[in-house]
Amino acid sequence: SNGQFAYITNINGELSIIDLVSMNVTKTIKEHEGFIKSIVMDNNNRLYTAGGDRMIVQWDATTGSVLKKVQTAHFNKINDLAISKNGKFLVTGSEDKSVMIYWADSLSFYKKIIPNSSAVACVSISPYNEWVASGGWDYKIVFTSLKNDNTFSLNGHSGAVLDIDFTPDGKYLLSGSDDHTAMLWDIENKKAIAILFGAAYGYGVGMLTELFPNVKFILIDIAAVFISEGQYGNFHYNNYNNGVTYL
């Protein structure tokens, strides 16, 4: 939203809205049956949540009102959601090995793909809607074209891929794994260009470029890794006993 609110979900299927000015919980709403695993926000002040009940709920981010909801065709829990930069597509990744793509505004179904040979832990969509990326317990990151369903894979992790995110220019991808590494990938050349060792579980790969447009922040567990604008192969890191290998 405008930075005034934060949002918390829990295993009981509740969404809480916190006013960051007063630091009070302004509203707690329960719409899901079971835990909420993922929450994302679009540029139109709408939240999307999904989890164990395989349902997607679209919310008004200010009032907490339910705008739309849809029961997906997944037959197991939804582990992750991703929203496209322009708010056009919403992507789900599920324990049932499938990825489903929806028109975000209407929550209408668009297409289903099965990119991974295992449960899907994480999904992301490239900034210009060329690719849907998915990672899972087969240790692979699979890219599927939104235009023609062509695919390719990136292999390098020796554990489940638990989190992925594109850089804002769409040229690189960040991945975190339970093999205790995070990797930076050159998408065009389909290769890893740097590995960060010591990430505790591989969760928490994310970009904060809206707040800091000249510096890209990669957050990997408690480690904060700074990458200067345009210098993706040059890691600057803190002293949380992490190490970096350049490839």
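These numbers come from a predicted model, not from an experiment.

Student: Now, about the overall build of the protein chain: what can you tell me, with residues and values included?
Tutor: Across its full length, the protein chain holds 0 helices and 23 strands. In the protein chain, which comprises 247 residues, the share counted as buried stands at 51%. Long-range contacts, defined here as pairs at least 24 residues apart, represent 35% of the contacts in the protein chain between residues at least 6 apart. If you sum the accessible surface of the protein chain, you get close to 11,400 Å²; carbon and sulfur atoms cover 51% of it.

Student: Could you give me a rundown of the pattern of salt bridges, with the residues and numbers involved?
Tutor: For the structure shown, the criterion picks out 4 salt bridges. In this structure, the salt-bridge partner of D42 is R46, at a minimum N-O distance of 2.8 Å. For the pair shown, D42 and R46 are each scored as buried. Salt-bridge contacts for R46 lead to D105; the nearest nitrogen and oxygen are separated by 2.6 Å.

Student: Report on the nonpolar core, specifying residues and quantitative values.
Tutor: Of all hydrophobic cores here, the largest spans 15 residues; its most connected members are A133, I141, F143, I164, L173 and W185. Mapped onto this core, the elements with two or more residues apiece are β14 (140-145), β15 (151-155), β16 (161-166), β18 (181-186) and β19 (191-197). Per-element tally for this core: the top contributor is β16, with 3 residues. Core analysis: the second largest hydrophobic core is formed by 12 residues, V40, I83, M100 and L107 among them.

Student: Mind laying out the packing of aromatic side chains, listing which residues take part and the relevant values?
Tutor: By convention here, two paired aromatic rings are described through the distance between centres and the angle between planes. This model, assessed by the stated rule, comprises 8 aromatic pairs. On the basis of an interplanar angle of 85° and a centroid distance of 6.2 Å, the ring pair of W131 and F143 is categorised as edge-to-face. Taken as a pair, W131 in strand β13 (residues 131-136) and F143 in strand β14 lie far apart in primary sequence, 12 residues in all. Put simply, the rings of W131, F143, F152 and F166 pair up and form one aromatic cluster. The ring of F152 has K190 lying over it, and the distance from NZ or CZ to the ring centre is 4.5 Å.

Student: Any details on the sheet that holds strand β3 (residues 24-30)? Residues and values, ideally.
Tutor: Strand order across the open sheet formed by 3 strands is β1-β2-β3, with antiparallel pairing between neighbours. The sheet terminates laterally at β1 (5-9) and β3, the two strands that pair on one side only. Shown here is a sheet whose adjacent strand axes are inclined to one another by a mean of 20°, direction ignored. When strand β2 (residues 14-19) meets β3, the two strands line up antiparallel, connected through 6 bridges. Paired with D19 across the bridge in β3 is N24.

Thresholds, definitions, all that
Residues numbered from 1 in each chain as written. Predicted model: local features only at pLDDT ≥ 70, side-chain atom pairs only at ≥ 80, totals over all residues. Heavy atoms only, no water. Helix = DSSP H or I, 4+ residues; strand = E, 2+ residues; numbered from the N terminus. Buried < 20%, exposed > 50% of the residue type's maximum accessible area, 1.4 Å probe, protein only. Contact = heavy atoms within 4.5 Å. Areas by Shrake-Rupley, 256 points an atom, 1.4 Å probe, with all protein chains shown as cover. Salt bridge = Lys/Arg side-chain N within 4 Å of Asp/Glu carboxyl O. Core = buried A, V, L, I, M, F, W, Y, C linked by side-chain atoms within 4.5 Å. Phe/Tyr/Trp six-rings, centres within 6.5 Å; stacked < 30°, edge-to-face > 60°. Lys NZ or Arg CZ within 6 Å of the ring centre and 35° of its normal. Pairing = 2+ DSSP bridges. Axes fitted to C-alpha atoms, helices over the stretch in contact; angles between N-to-C directions.

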